Amino acid sequence: MMDGRISTMTMTRESPNRIELLQGTLDMLILRTLLFGHAHGHEIAKHIQRTSDEVLQVEHGSLYPALHRLERKGLILAKWETAKDRNREFKYYRLTPAGRKQLAAEESKWKQFAGAIARVMWPVAGTE
Amino acid sequence: MAEDPKPGADLWRRIREWPSLLRQRQQREADLDRELRSHLDLEAEEQQNEGLPAEEARYAARRAFGNEDLVKEEVRDMWASTSLERLGQDLRYGIRQLRHARAITAVAVFTLALGIGATTVIFSLIDNALLHPFPYKDAEHISIFRIHDLDESGQFGRLGLSIPEFLDYREQNHVFTDMTGTGGGDVLYSRGQGTQQLYGVFVTTNAFQFLGVPALLGRWITPQDGEPDAAPVFMMNYRLWQEQFHGDRNILGTTFTLNGISRTMVGVMPPRFQYFGGDIYLPLTLSRTGVSGPDAAIEGGRHMYLVAEERRKPGVTLEAAAADLNVIAQRLAKIYPNDYPKRFKVETDELASDVVGNFKKMFFILLAAVGMLLLIACSNVANLLLSRATSREKEFAIRASIGASRGRLIRQLLVESFVLAAVGGIFGYLFAWGGLKALIAVMPPDTLPSESVIELNWAVLAFTMGVTLMTTVLCGLVPALHAVRGELHPRLKDSGRGVNSNSRHGGFRAALVVAEVALAIVLLAGAGLMMRSFFAIEDVNLGFNPRNLLSARLVFTEGHYKTAVENKIFFQQVLPRIVAVPGVVDAAEAASYPPFGGPFSEVTIPGKSHTERWEAMVEACSEGWFRTVGVPLLRGRLLSETDVDSARQVAVINQTLARRYFGEEDPIGQKIKFNTFDQLSDAPHDAYFEIIGMVGDFKNDDLQHPPRPEGFIPYTFALYGRRGILVKTAGDPASMVKSVSQAVWSVDPDVAVTQARPIESFIKDYAYAQPKFGLLVLSVFAAIGLVLVIVGVFSVMAYSVSLQTHEIGIRMALGAQPGNVLGMVLKHGLRLIVAGIIIGEVASLILTRFISSQIWGVSTHDPVTLSAIAVVLATAGFAACVLPARRAWRVDPLVALRDE
């Protein structure tokens, strides 16, 4: 459904709903990615791309406003750490309890949303 | 679909984070840069691992990333969306906008400063003078009372109580917790090298406790000091302590010889304590026979009159107190019938009424004037900002199209207006600070209770801030809402300077101009009437010649000149010596000085019956009095030297006395008795005077009142009233004070010569001072109002013209003559001004009745004044229109049309 690129860059103010939808969805994906451990920006971008079978082409840059926003809201924590297998430091993000709760909430809302669309698109026989 | 977890928690977190965010702003930038760099490096690495050469790898990484700068912008934008950082942005933007429109900003600031400054000054005055003038404990419950004669409408009523009376009131009342009595008198302080006259205030021993003002140094006078065998003590006033004794603390506890008695100084009062204006304070011990204790020998002890101040019990109103006192007064009137008029009523009053009473009305008039000025200022600013908002619509439209929300635009406009109001407020405060200093310097003496401290206090500051805020909202919100309401985008298509935008606010702005002009007319009317009234007072016929007239009081040491004979001998020696001084034309003994007459006394005229109380002023003077003062003789003859020398019981009366008590009859040869002498133990009783002459009326009850009946008798008849001299000089009286004093001292060096001053300057200072003050202040307000209106009209017209340049260009291109265009612009402006003048004149006719108490000698509907101010304002308004109109006339059609 959401083919193409998720890009915050080409969003315009004429359609505030779209902004919120796209921004919110990206946030949710980031939170989900961090559910099982910490990761830095690059890893998160790669992860989303990979697990969505390359359908969701996240423009890497668009992640960072989202990450910092989530950090500001206290849903994730950031810390510079040395990478396990390298001699380099990256800024790692991890989920907070608040973030975990938010993820659950977003998840259920998304399921509701998807379910509603599904019911319209593919109605159960007899309810048309 | 992301939501803030809880708006409160989010905001709270933002607030908590703010200080650290602010501090680490640069660190954040560096951090972000580092983070993005590490991302790009990693991506480039991976691309390289997949086979791309280094350069291309980096390129690919950047492509995958997207626009780095835009990302940073977005992150920064997100950081900056804390309200305080946004506020900072708005502030900077607002200041920049204000700097762009320099002229309008300057005018608006100037206008606001004037309005706020004037309001603050008057409020400080009122707050300090009317509301909290006294430093006494619980001053709101302190009151005074007077015996008001119901048949004498003009007088205030008797304030002074005799000592037995005072004691009766104190013992018999049910409404006061405490009562103090105060009397003032001259106290002669004997220093090593001479005698100095001080003004001593005698107070009942409970007075200092009553007033509750802590002593600066030492202690209070307490009831113990009034005990029969207590050591004599006194306290000193701060000013005397500083000026004469240079604040020397060592004089505390030392003894001073006052009125011949050795007293110990026990304390000094703080600067703000000016009770009854005393230099020193002495205790009074009262008993039924008069004054007892160490002060029994004070001059006039038995006949001392006290002013009572009392503290009402909680919950007792002024009216309730008056009612209770009335009962006592009725009782006392039977015991002391001579002290009470036939019909009377006790009236109570606040403490400040004595001094401030007259001025209360003036204060409120000034308050109204200030309110009007503030309205003019506000409407000016509103007009300016409205005009400017119109021309900024294009700017707003553009900003809306690139994404600014309405709320944001409104907020920015509000911030901008607040900056404007804040700057105006700061200048207004400075203006108020300076203005208050100037006002106090100009204020006539005794206008305010001397204890009141006039300064800008916190209440006033808060009020100023409130006014600032109110003007912000008033001026900022209207244009803000106006500009942002409706479609923003279509504005872009419009050139933004066409007819539409001008007429958008046109009606409201026109109304503002009309209102300003009307208010200015009202202010000018008030000032104009006061000016005419002031000149009327100056013009008033005094009835005597005040020029080159010097008056002075003579104060005798305790025990000297105690009889009428001794008094006569003294003056018969002094007066010739004074006349002998070069530069002196004439001299006389006098108990009072014009335009005030002698003390009042009830009179009895045989053969005449009357129901109301008949009284007259009594002047005990020497034969030279009439020549010296310059009062004309109308009938009969004046007092002669032999009359005075032999203390003959003859009297000269003034026209008013003759007319009132003798009607058409010839008063010459008739008899008159002045009842007051019956109460003096040293004077002949039941003394009838033969009337030998009648003089023309002159002002003897202040300048505003008609002359009172007055009689003149030889001063040698009895010791009566104060002793003083009037001296007619050839040249400037002020320069003669020293030589006249020396003439007095050549007869007796122990006599103090005080209150020596030229009558003319006294009249100027005292009688003219209050109207002059009111006139001055009101004129300043009116002038400021006029300036503001001119500025307002000018700026509105100028803006209107600049907005209409396009339209004017079209008209001229279509063949209109420059003259027509000029006429069009002028007509528009003049129409507004004329409308304002008409409305203002009508309003003046209605409103000036409120200042009628301050106007004297001219009607509140005086046509001369009203038409004069109309002319003034019309001229000023016309001038304000002409300049912008001329600019319209010079418009080059080509330039105007091209300018989009």
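Residues numbered from 1 in each chain as written. Chains lettered and ligands numbered in written order. Predicted model: local features only at pLDDT ≥ 70, side-chain atom pairs only at ≥ 80, totals over all residues. Heavy atoms only, no water.

Student: Kindly report on the overall build of chain A, identifying the contributing residues and their values.
Tutor: Looking only at helices and strands, one finds 4 helices and 5 strands in chain A. Its helices and strands taken in sequence order, chain A reads β-α-β-α-β-α-β-β-α from the N to the C terminus. Burial status across chain A gives 44% buried among its 128 residues. Residue pairs in contact within chain A that sit at least 24 positions apart in sequence constitute 52% of those at least 6 positions apart. Only carbon and sulfur atoms are counted for the fraction: they give 55% of the accessible area of chain A, which is about 7,300 Å². (Helix = DSSP H or I, 4+ residues; strand = E, 2+ residues; numbered from the N terminus. Buried < 20%, exposed > 50% of the residue type's maximum accessible area, 1.4 Å probe, protein only. Contact = heavy atoms within 4.5 Å. Areas by Shrake-Rupley, 256 points an atom, 1.4 Å probe, with all protein chains shown as cover.)

Student: Residue-level account of the side chain of N675 of chain B, with values.
Tutor: Residues and elements named next belong to chain B. Tracing the chain through its elements places N675 in the loop between β19 (671-674) and β20 (688-695). Judged by relative accessible area, N675 falls into the buried class, the value being 18%. Polar contacts involving the side chain of N675 include one to the side chain of T604, which spans 2.7 Å. Excluding its chain neighbours within four sequence positions, the residues that come into contact with N675 are S601, E602, V603 and T604. (Polar contact = N/O pair within 3.5 Å; in protein donor to acceptor, adjacent residues only side chain to side chain.)

Student: Any chance you could break down the confidence of the model for chain A for me, citing the residues and the numbers?
Tutor: Residue and element names in this part refer to chain A. Residue-level pLDDT values for chain A average 77, and 77% of them are 70 or greater. The lowest-confidence element of chain A is strand β1 (residues 5-6), averaging 40 in pLDDT; the highest-confidence one is strand β5 (residues 89-95), averaging 91. In the model, residues 1-21 has pLDDT below 50 throughout and makes 29 contacts with residues more than four positions away in sequence or in other chains. (pLDDT = per-residue confidence, 0-100.)

Student: Now, about the sheet that holds strand β14 (residues 584-590) of chain B: what can you tell me, with residues and values included?
Tutor: Residues and elements named next belong to chain B. Taking strand neighbours across the sheet as the criterion, the 4 strands line up as β14-β22-β13-β23 in an open arrangement whose pairing is antiparallel. Here the strands that pair on one side only, and so sit at the sheet edges, are β14 and β23 (752-758). Each adjacent strand pair in this sheet contributes to an overall mean axis angle of 20 degrees, direction not counted. When strand β13 (residues 549-555) meets strand β22 (residues 723-729), the two strands line up antiparallel, connected through 6 bridges. By the bridge assignment for β22, R553 is matched with G724. Where helix α17 (residues 564-580) meets the sheet, it contacts β13, β14 and β22, and its direction lies at approximately 165 degrees from that of β14. Contacts from helix α21 (residues 737-745) reach β13, β14, β22 and β23 within the one sheet, and its direction differs from that of β23 by about 150 degrees. (Pairing = 2+ DSSP bridges. Axes fitted to C-alpha atoms, helices over the stretch in contact; angles between N-to-C directions.)

Student: Residue-level account of the pattern of salt bridges, with values.
Tutor: Applying the stated criterion to the full structure yields 30 salt bridges over all chains. In this structure, the salt-bridge partner of D27 of chain A is R69 of chain A, at a minimum N-O distance of 3.2 Å. Taken as a pair, D27 of chain A in helix α1 (residues 16-33) and R69 of chain A in helix α3 (residues 60-72) lie far apart in primary sequence, 42 residues in all. Each member of the pair, D27 of chain A as well as R69 of chain A, is classed as buried. Salt-bridge contacts for R648 of chain B lead to D643 of chain B; the nearest nitrogen and oxygen are separated by 3.1 Å. (Salt bridge = Lys/Arg side-chain N within 4 Å of Asp/Glu carboxyl O.)

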